[in-house]
Amino acid sequence: MQLHQLSLVEAGDLLRRRQISSVELTQAMIARLEATEPNLHAYLARTPELALKQAQAADQALAGGTAGPLTGIPAGIKDIICTQGVTTTAASKILENFVPPYDATLVARLKAAGLVMLGKHNLDEFAMGSSTENSAYGPTHNPWDLKAIPGGSSGGSAASVAAGSAFYAIGTDTGGSIRQPASHCGVVGMKPTYGRVSRFGIVAFASSLDQAGPFARSVADLAEVLQVIAGHDPADSTSAPVPVPDYRAALRRGVKGLKLGLPREYFGEGIAPQVRQAVEAAIKVLEAQGAELREISLPHTEYGLAVYYIIAPAEASSNLARYDGVKYGLSRRAEHGSLMDMYLDTRSQGFGPEVIRRIMLGTYALSAGYYDAYYGKAGQVRTLLMRDFQQAFEQVDAIVSPVAPTAAFDLGQKVDDPMQMYLSDVFTLSTNLAGLPGMSLPCGLTSTGRPIGLQFMGPHFAEETLLALGQAFQEATGHHLKHPPI
Amino acid sequence: MKITPEEVAHVAALARLRLSPEQSAKLTGQLNDILTHMDKLAKLDTSGVPSTNHALALTGALRPDQARPSLPRQEGLANAPDSDGVSFIVPRVI
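Caption draft 1: Representation of the overall build of chain B. Each helix and strand in chain B was counted, giving 3 helices and 0 strands. When the helices and strands of chain B are placed in sequence order, the string is α-α-α. A globule of 94 residues ought to have a C-alpha radius of gyration of about 12 Å, yet chain B, at 23 Å, is considerably larger. Expressed as lengths along the three principal axes of its C-alpha atoms, the size of chain B is roughly 55 × 45 × 25 Å. Counting over 94 residues, chain B shows a buried share of 29%. Long-range contacts, defined as pairs at least 24 residues apart, comprise 37% of the intrachain contacts of chain B with a sequence gap of at least 6. For chain B, the computed accessible surface area is about 6,500 Å², with 55% contributed by carbon and sulfur atoms. Computed over 10 positive and 10 negative side-chain charges, the separation of the two mean positions in chain B equals 3 Å.

Structure below.
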């Protein structure tokens, strides 16, 4: 086995036993990244010099006995998360040269835990998309099949972890942007409970839905990353002052007696037969380990997409008003042009088509005369969706479903049909609306070799239950041990 | 038609976007598709249902009113498209 195929936990063991140094591991990962990037395009910025400097510091910590589970492990960060001194573009032309003067809280936490940052991962512009094709810098390809999309918006993160050009990655998930690409690339991804991980220093898309979370190749690896990034942050007023449990301990809980809900609305028409088969087989594995299955109903599921595509664009249109060409980012200033000309030219030339579409949709939904019919109504239906989950969690400990209706589709297949593209998120966006944690993990491959994902959803702050379920599943199966052909 | 070309122009002006005629035509069609899907919300009876703006019942996060170090001016201006070292410079307004 090559170094880049090790799990994070295995690599950490080798480091702490001093069988390899972080510098050696980092050099191997830089070589792996350089070998895979021409095909994948998972990174927007590569930071090998910074990585090696951080690896040297990690080796000192390892020698000094002050190393933690992540110390010296090479990783990548989604390019929508601020990294001091390293460009953060949100995959947009409007932030092409933006160099943040500070770290996002989660990056500061990772640095304190011994981060080695290989670079910044590609994404759909401002995290708006389900395929990474909305990146202003070109799409990422799926390592299992280069013709396929990696999913999105955190497509670079998922593709990179799958291909072994990072041991773990941090993405963001507003409607499925961690779980759907994790599913399409055959890795584990978690969107924690809203407020579990600080949003301070993350470029805002939809503030009531955005949440950062980890990608890794196993549930055990993912738990180590979540342990570091989770926790209250006084700099984010929406971060939750809830104690962080021992996630590693949760891995050993098992699933015996856990009540698992199967929402009938998530197993209806529109699911590809091979996805259904793989998910049903996975559920049988959990049943065999002692989980109790219950059929449940989330009756307002069919309204989720409409609610989401009102609320998310509405919040986005407000958040993205800050890109005005004044303080940072692109600024188009014609000779003798007015301030208004600067606003109009900067925004029209800086934003890509999907971002413009969502700003338009959100501005419309918030505009005089339409507010009640769209934004007001969506907020009310959001309440009904949340009540569905509350009632379900009175009967079950967690919910299981597919992550997406199909495996990864081909690049270019849906770029001209936004409504079809939005349907990719139909099983993931309700958890964002309700603020719940959700996790995606691999549960098989299609006949053409494209990964299929299994989703667990839990009540607020039930990340431990999701980890216990995921760990039990991965102890019984080998889907997560497969590597893509790249 | 849910949204007319005139409304698209109005919304673009509100959002400070300059759209080409081709962009406007394409967007009008796409926004109509999307808004047609939203119609299903109108069929749902939500009378008496409160609106949710936030999934967690967090109350206002307050901290002691103490001065703390903040971003130095130079760093705050470092990404400015134009500045005189003290302020952001923008086109003349008056």
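Caption draft 2: The arrangement of the pattern of salt bridges in detail. Following the criterion strictly, the structure yields 19 salt bridges over all chains and no others. Across the pair Glu464(A) and Arg253(A) runs a salt bridge whose closest N-O atoms are separated by 2.9 Å. Here Arg253(A) lies in the loop between α8 (247–250) and β7 (259–263) and Glu464(A) lies in helix α16 (residues 463–476), a separation of 211 residues in the sequence. Across the pair Lys40(B) and Glu302(A) runs a salt bridge whose closest N-O atoms are separated by 3.3 Å. Of this pair, Lys40(B) sits in helix α2 (residues 21–42) while Glu302(A) sits in the loop between β8 (292–296) and α10 (304–319), placing the two residues on different chains. Each member of the salt-bridge network shares a partner with another, and the members are Asp145(A), Lys147(A), Asp410(A) and Arg450(A).

Caption draft 3: Seen up close, the interface of chain B and chain A. Counting residues at the interface gives 47 residues for chain B and 71 residues for chain A. Of the roughly 5,100 Å² buried between chain B and chain A, counting both surfaces, carbon and sulfur atoms make up 68%. The largest share of the area that chain B buries against chain A comes from Arg18(B), Leu41(B) and Asn79(B), three residues that together contribute 13% of it. Note that Arg18(B) is salt-bridged to Asp341(A), the shortest N-O span being 3.5 Å. Linking chain B with chain A are 20 residue pairs in polar contact (both at pLDDT 80 or more), by the criterion used here. Of all the elements in the fold, those that place two or more residues in the side of chain B that touches chain A are α1 (5–14) and α2 of chain B. If you tally residues by element for the side of chain B that touches chain A, the top one is α2(B), at 12 residues. Considered class by class, the residues forming the side of chain B that touches chain A number 30 nonpolar, 9 polar and 8 charged.

Caption draft 4: Expanded view of the sheet that holds β8(A). Residue and element names in this part refer to chain A. The mixed open sheet is built from 11 strands, whose spatial order is β1-β3-β2-β4-β6-β5-β10-β11-β9-β7-β8. Each edge of the open sheet carries a strand with a single partner, namely β1 (43–46) and β8. Each neighbouring strand pair of the sheet contributes to a mean axis angle of 30°, computed without reference to strand direction. Bridge count between strand β2 (residues 74–78) and strand β3 (residues 116–121): 5 bridges; the pairing is parallel. Its bridge partner lying in β3, Ile77 is registered against Lys120. Contacts from helix α2 (residues 22–40) reach β1, β2 and β3, with the element oriented near 20° to β3.

Caption draft 5: Here's a closer look at the nonpolar core. All names here are of chain A. Leu106, Leu110, Phe126, Tyr168, Ile170, Phe351 and Met360 are the most contacted members of the largest nonpolar core, which has 116 residues in total. When sequence neighbours within four positions are dropped, the list of residues in contact with Leu110 reads Leu70, Ile77, Leu115, Tyr168, Ile170, Val228 and Ile229. Core analysis: the next-biggest nonpolar cluster, separate from the first, contains 50 residues, Leu258, Val279, Leu298 and Val400 among them.

Caption draft 6: Region of interest: α16(A). Its 14 residues give α16(A) an end-to-end C-alpha distance of 20 Å, which sits within 8% of 20 Å, the value for a rise of 1.5 Å per residue. Listing the buried residues of α16(A) in full gives Glu463(A), Glu464(A), Thr465(A), Leu466(A), Leu467(A), Ala468(A), Leu469(A), Gly470(A), Gln471(A), Ala472(A), Phe473(A) and Gln474(A).

Caption draft 7: Geometry of the pairing of β8(A). Residue and element names in this part refer to chain A. As paired elements, β7 and β8 share 5 bridges and run parallel to each other. Directly across from Lys259, in β8, lies its bridge partner Glu292. Running through helix α9 (residues 273–288), the crossover from β7 to the neighbouring parallel element β8 is right-handed.

Caption draft 8: Structural view of the side chain of Thr36(A). Residue placement: Thr36(A) occurs in helix α2. Ignoring any residue separated from it by four or fewer positions in sequence, one finds Thr36(A) in contact with Ser165(A) and Ile486(A).

Caption draft 9: Fine view of the packing of α10(A) against helix α12 (residues 353–366) of chain A. Residues and elements named next belong to chain A. Axis separation between α10 and α12 bottoms out at 7 Å; the angle between their running directions is 100°. Relative to α12, the element α10 is oriented roughly perpendicular. Contacts between α10 and α12 involve Tyr309, Ile310, Pro313, Ala314 and Ser317 from the first element and Arg358, Ile359, Leu361, Gly362, Thr363, Ala365 and Leu366 from the second. Split by residue class, the contact of α10 with α12 holds 8 nonpolar, 3 polar and 1 charged.

Caption draft 10: Inspection of the packing of aromatic side chains at higher detail. Residues and elements named next belong to chain A. With the rule as written, the count across this model stands at 14 aromatic pairs over all chains. Ring plane angle 25° and centroid distance 5.2 Å describe the contact between Tyr266 and Phe427, whose orientation is recorded as stacked. Of this pair, Tyr266 sits in the loop between β7 and α9 while Phe427 sits in the loop between α14 (418–422) and α15 (429–434), placing them 161 residues apart in sequence. Take Phe427: its relative accessible area is 7%, and that puts it in the buried class. Here the aromatic cluster, defined as three or more aromatic residues joined through ring pairs, consists of Phe98, Phe126, Tyr323, Tyr328 and Phe351.

What counts as what
Residues numbered from 1 in each chain as written. Chains lettered and ligands numbered in written order. Predicted model: local features only at pLDDT ≥ 70, side-chain atom pairs only at ≥ 80, totals over all residues. Heavy atoms only, no water. Helix = DSSP H or I, 4+ residues; strand = E, 2+ residues; numbered from the N terminus. Rg over C-alpha atoms; globule rule 2.2 N^0.38 Å. Buried < 20%, exposed > 50% of the residue type's maximum accessible area, 1.4 Å probe, protein only. Contact = heavy atoms within 4.5 Å. Areas by Shrake-Rupley, 256 points an atom, 1.4 Å probe, with all protein chains shown as cover. Lys, Arg positive; Asp, Glu negative; His and termini not counted. Charge placed at Lys NZ, Arg CZ, Asp CG, Glu CD. Salt bridge = Lys/Arg side-chain N within 4 Å of Asp/Glu carboxyl O. Buried area = accessible area lost by both parts, 1.4 Å probe. Polar contact = N/O pair within 3.5 Å; in protein donor to acceptor, adjacent residues only side chain to side chain. Nonpolar A, V, L, I, M, F, W, Y, C, P; charged D, E, K, R; others polar. Pairing = 2+ DSSP bridges. Axes fitted to C-alpha atoms, helices over the stretch in contact; angles between N-to-C directions. Core = buried A, V, L, I, M, F, W, Y, C linked by side-chain atoms within 4.5 Å. Expected span 1.5 Å × (residues − 1). Right-handed = clockwise from strand over helix to strand, strands pointing away. Parallel < 35°, antiparallel > 145°, perpendicular 65-115°, else oblique. Phe/Tyr/Trp six-rings, centres within 6.5 Å; stacked < 30°, edge-to-face > 60°.

Shape descriptors only; they carry no functional weight alone.
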